[in-house]
Amino acid sequence: MSRDTLSAAEARRVALAAQGFTQTPRLRQRRPFDPALSRLHVLQIDSVNVFARSHYLPVFSRHGVYDPGALDRLLWHSGEFTEYWAHEAAFIPVGDRPLFTWRMADFRERAERTGRATELAPALARVREQLGDGGPSLVRDLEDGPRAVRGPWWDWSETKHAVELLFATGEVVSAGREGFQRRYALAEQVLAPELLVSPPSRAAAQRRLVAQAARSLGVATLHDLADYHRLKTAEARVSVRALEDLGELVPVRVRGWDDRTGKPQEAWLHRDARVPSRLTPDALLTPFDPVVWFRPRAERMFDFHYRIEIYTPQAQRQFGYYCLPLLVGGVLAGRIDLKADRAGGALRVQAAWQEPGAPARAGEAARALLAQAAAWQGLSEVRVSGVGNLPLPPRFEAAAPPAA
């Protein structure tokens, strides 16, 4: 097969292989999470915990049952990873934090230009002093007196606004979490000195980020590459051209990847991408998995129109509160609204839908994945509401624990 043209099916296999889906998904015994995390580069964090927190799902999707505590220890306590606004809030290798120094400078410039830095100046100074004297702290430990009763969503205190601005500008980092609350520290208290000096230029850093996005995506359009680390399209285009000149990105046409006028979209294949002859994984995906997080790519790649409905009023939801995309045989075949009923020991399927043209085995694959998901979450059974058109029995047991 010539690499100047890919079929839509070949592009899907390239993308799934680049994302770490393999025919032999068992975790390694030594450093088990390296394959998935190196493929992903960013592991998006989200607060919703109706089934499992989002950053746990990509490893489960690619490798099945594992101990989330082991992943927590690697991400929060090994010193190998840190948090930053790399896509949305995400874990990244700590050595790659300097690649976002330009973004920290943008946050700083915006805060100064809008007057936000001046408005928060007293709180910023106080937070810096408290962290310098007291070390890593939760927001509640940094509050200046009792906090007034506030709303349940994003009604942040002045202290929270200040510490989040310092996090965005790079002065403050996450030093782990208590529950889902960040423990904040000054960057020099946590990071190695070499990570705080002589960052790469904006152009060099963005070129490296686009190269990493290309490795993680396998085959991609300009907008796919820009979205992966949330770069501006114009800046991503400069990096793409430079990487094309270096031979790291190879122009390719993907059949069916046309714009609204019918003109083929520009696309690039990473030079190390492989085109598997066969790759047919089954998986439950978090809504924030790179396979689906850029919705235009999910539609173009899989003909899968997906929107998360958490913030949609219940009466207006089409599929459910927190639907996990269902991958069957390497295609996105459905979506399943899940809730972990820990008190009742059950994984509740609140709705389960299959796409038009879903593989005939979609229900069978979903049942196996749900049984495995229940076991992973320490639940004994799966209970199905019957809402939706994906055929599932009303109740079945969790999968047996994997052999040691």
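All of these numbers come straight from a predicted model, not from anything done at the bench.

Our focus in this paragraph is the overall build of the chain. Tallying secondary structure elements over the chain gives 15 helices and 15 strands in all. Relative to the globule expectation of 22 Å for 404 residues, the C-alpha radius of gyration of the chain, 22 Å, shows essentially globular dimensions. Relative to its full complement of 404 residues, the chain shows a buried share of 51%. Once local pairs closer than 6 in sequence are excluded, the contacts in the chain between residues at least 24 apart make up 63%. Taken as a whole, the chain presents about 18900 Å² of accessible surface, with 50% of it coming from carbon and sulfur. Considering the chain, the positive charge centre built from 54 side chains and the negative charge centre built from 47 side chains are found 4 Å apart.

By way of backbone hydrogen bonds, the strands of a sheet pair with one another, either parallel or antiparallel. Taken in spatial order, the four strands of this open sheet run 1-8-9-7, and their pairing is mixed. Edge strands, defined here as strands with exactly one partner in the open sheet, are strand 1 (5-6) and strand 7 (219-220). Bridge count between strand 8 (residues 249-254) and strand 9 (residues 267-270): four bridges; the pairing is antiparallel. Across the sheet, residue Val 250 finds its bridge partner in strand 9, namely Leu 269. The sheet contacts of helix 13 (residues 233-246) involve strand 8 and strand 9, and relative to strand 8 the element is tilted by about 105°.

So, on to the sheet that holds strand 11 (residues 323-328). Taken in spatial order, the six strands of this open sheet run 10-11-12-13-14-15, and their pairing is mixed. Whereas interior strands pair on both sides, the edge strands pair on one side only; in this sheet they are strand 10 (283-284) and strand 15 (395-397). Relative to strand 11, strand 10 runs antiparallel, the two being bridged by two bridges. Among the inter-strand pairings, Ala 283 is bridged to a residue of strand 11, identified as Leu 327.

Counting 51 residues, the largest nonpolar core has Phe 51, Leu 284, Ile 336, Leu 338, Leu 347, Val 349 and Leu 370 as its most contacted members. Every element with two or more residues in this core is listed here: helix 2 (34-40), helix 3 (57-63), helix 4 (68-77), strand 11, strand 12 (331-341), strand 13 (346-354), helix 15 (362-376) and strand 14 (381-384). Sort the elements by how many residues they give to this core and helix 15 lands first, with nine residues. Core analysis: the next-biggest nonpolar cluster, separate from the first, contains 45 residues, Ile 92, Val 127, Leu 222 and Leu 243 among them.

As a further point, take the packing of helix 7 (residues 121-134) against helix 9 (residues 158-169). Helix 9 packs onto helix 7 with a crossing angle of 70° between their chain directions and a minimal axis gap of 9 Å. Relative to helix 9, helix 7 is oriented roughly perpendicular. Contacts from Ala 123, Leu 124, Arg 126, Val 127 and Arg 128 of helix 7 reach helix 9 at Glu 158, Thr 159, Ala 162, Val 163, Leu 165 and Leu 166. Tallied by class, residues from the contact of helix 7 with helix 9 come to seven nonpolar, one polar and three charged.

Moving on: helix 9. Spanning twelve residues, helix 9 covers 17 Å between terminal C-alpha atoms, matching the ideal 16 Å at 1.5 Å per step. By the criterion of burial, helix 9 is predominantly enclosed, with ten of the twelve residues buried. For helix 9, the full list of buried residues reads Thr 159, Lys 160, Ala 162, Val 163, Glu 164, Leu 165, Leu 166, Phe 167, Ala 168 and Thr 169. Looking at the packing, one finds that the buried side of helix 9 touches strand 3 (81-85), helix 5 (101-114), helix 7, helix 8 (139-142), strand 5 (172-178) and strand 6 (181-186). Positive phi shows up at Gly 170, right after helix 9, with a value of about 95°.

With 14 residues, helix 5 ought to run about 20 Å at 1.5 Å a step, and its terminal C-alpha atoms sit 20 Å apart, in line with that. Taken as a whole, helix 5 has its buried residues at Trp 102, Arg 103, Met 104 and Ala 111. Close packing links the buried residues of helix 5 with strand 3, helix 6 (116-119), helix 9 and helix 11 (202-217). Directly after helix 5, the chain includes Gly 115, whose backbone phi takes a positive value near 85°.

A few words on the pairing of strand 8. Sheet topology note: the strand 1/strand 8 ladder contains two bridges and is parallel. Paired with Leu 6 across the strands is Val 254, a residue of strand 8.

The next thing to look at is the packing of aromatic side chains. On inspection of all chains with the given rule, the structure shows ten aromatic pairs. Taken together, a centroid distance of 4.4 Å and an interplanar angle of 10° make the contact between Phe 60 and Trp 376 stacked. Separated by 316 residues along the polypeptide, Phe 60 in helix 3 and Trp 376 in helix 15 bring together distant segments of the chain. Each member of the pair, Phe 60 as well as Trp 376, carries the same accessibility label: buried. On the basis of an interplanar angle of 55° and a centroid distance of 5.9 Å, the ring pair of Trp 76 and Phe 91 is categorised as tilted. On the criterion of sequence distance, the pair formed by Trp 76 in helix 4 and Phe 91 in strand 4 (residues 89-93) is long-range, its members being 15 residues apart. For the pair Trp 76 and Phe 91, a shared accessibility class is recorded, and that class is buried. Through successive ring pairs, a cluster of aromatic residues spans Phe 33, Phe 51, Phe 60, Tyr 66 and Trp 376. Positioned over the ring face of Trp 257 is Arg 300, at 4.9 Å from the centre of the ring.

Here is what the cut-offs are and how they apply
- Residues numbered from 1 in each chain as written.
- Predicted model: local features only at pLDDT ≥ 70, side-chain atom pairs only at ≥ 80, totals over all residues.
- Heavy atoms only, no water.
- Helix = DSSP H or I, 4+ residues; strand = E, 2+ residues; numbered from the N terminus.
- Rg over C-alpha atoms; globule rule 2.2 N^0.38 Å.
- Buried < 20%, exposed > 50% of the residue type's maximum accessible area, 1.4 Å probe, protein only.
- Contact = heavy atoms within 4.5 Å.
- Areas by Shrake-Rupley, 256 points an atom, 1.4 Å probe, with all protein chains shown as cover.
- Lys, Arg positive; Asp, Glu negative; His and termini not counted.
- Charge placed at Lys NZ, Arg CZ, Asp CG, Glu CD.
- Pairing = 2+ DSSP bridges.
- Axes fitted to C-alpha atoms, helices over the stretch in contact; angles between N-to-C directions.
- Core = buried A, V, L, I, M, F, W, Y, C linked by side-chain atoms within 4.5 Å.
- Parallel < 35°, antiparallel > 145°, perpendicular 65-115°, else oblique.
- Nonpolar A, V, L, I, M, F, W, Y, C, P; charged D, E, K, R; others polar.
- Expected span 1.5 Å × (residues − 1).
- Phe/Tyr/Trp six-rings, centres within 6.5 Å; stacked < 30°, edge-to-face > 60°.
- Lys NZ or Arg CZ within 6 Å of the ring centre and 35° of its normal.

On their own, these measurements won't tell you what the molecule is for.
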